[in-house]
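# Fold and geometry: a report
If you want the building blocks of each chain, they are given just below.
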Amino acid sequence: MVYPSAPWHLQGYAVQTLQLVDVARVRALVPSELEIVSLLPGKTLGGIYISSYGLGSVMEYNELIVVSAIVNYAGKWGAWISHIYVDNPNSVAGGREIWGLPKELAQFSWEGSDSVKAAPLGYRVTVSQGNRQLCSLNYSKQNLALPLPFSGNVFSADRSNLLLFKGGLESRIGLIKCELEVAEESPFASLNLGQPLLAVACEDMRLTVGAPEFVGNRAVEFSYQKTGLKTPSF
């Protein structure tokens, strides 16, 4: 596989949802060294991120990220990604080898346009693996988009180390309406993601994914086995 070294610079479009997730449901998917941050009693913050990276990106591909918790380690806060899917094998290899992320291949179908209403809210993206649907997101067009910068930390783990990397985003961001459907056979159906509390669309997006840094040792070997994929060795 051929992929660029970090940082990765990506350009395109994305939809991001925010949902409350039961801490008890996600605990088994997070390394024990990471403290899950509760925003409400028994609830942490998660969400779905679906994007399409096009011209100007280091690689062109679609991506689905499931953020299942906000976590804390040694005073550093960040998102925990329990599931991640792309449609480019080079992105799979780079994501696993550079960041220790459990990337898998999937298929993405985008429907809708300003003139054709393909879904109840105008637009739909569906993510599948073969005959198994993972999720479907129906969403509306932005009403008011403002140019906003955003950055945040993301934790990941390889077999014996905890890693941390930063994502930086510049985009025109606006609120949208959306409806999320997670199939019963989906590997992340157990998170019981409800309808989003908030959803935004990111247009003219420029995303930079930084190189990971070592932040701590794992007390025991960690794998993403509970998500259906062990961290591979190459």
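Here is a short report on the structure shown in this document. Predicted model only: the values in this text are computed from it and were never measured. By convention here, each chain's residues receive numbers from 1 onward along its written sequence. A pLDDT threshold of at least 70 governs which residues receive local features in this predicted model, and a stricter bar of 80 or more applies before side-chain atom pairs are shown or counted, although totals over entire chains, interfaces and linings include all residues. Excluding hydrogens and water, the side-chain figures rest on all heavy atoms present in the structure.

With that settled, consider the nonpolar core. By size, the foremost hydrophobic cluster in this structure holds 40 residues, and its most contacted members are Ile 50, Leu 64 and Phe 188. The dominant element in this core, judged by the number of residues it contributes, is strand β4 (residues 61-73), at 5 residues. Should any heavy atoms of two residues lie within 4.5 Å, those residues are considered in contact. Excluding residues that lie within four positions of it along the chain, Leu 64 makes contacts with Ile 48, Tyr 49, Ile 50, His 83, Ile 84, Tyr 85, Phe 108, Val 127, Leu 134, Cys 135 and Phe 188. Residues grouped as a nonpolar core are buried Ala, Val, Leu, Ile, Met, Phe, Trp, Tyr and Cys residues, joined through side-chain atoms within 4.5 Å. Only protein chains enter the area calculation, which uses a 1.4 Å probe; residues under 20% of their type maximum are buried, those over 50% are exposed, and those in between are partly exposed. The next biggest cluster of nonpolar side chains, apart from the first, holds 28 residues, and it includes Ala 79, Leu 101, Leu 169 and Ile 173. Helix and strand assignments follow DSSP, with helices taken as H or I runs no shorter than four residues and strands as E runs no shorter than two, numbered in order from the N terminus.

Here we come to the side chain of Asn 62. When you line up the elements, Asn 62 lands in strand β4. Asn 62 gets classed as buried once you look at its relative accessible area, which sits at 12%. Of note is the side chain of Asn 62, whose polar atom sits 3.1 Å from the side chain of Ser 52. Aside from chain neighbours lying at most four places away, what touches Asn 62 is Ser 51, Ser 52, Tyr 85, Val 86, Asp 87, Phe 108 and Trp 110. Polar contacts here mean pairs of N or O atoms no more than 3.5 Å apart (in protein, one a potential hydrogen donor and the other a potential acceptor; neighbouring residues in sequence count only if both atoms are side-chain atoms).

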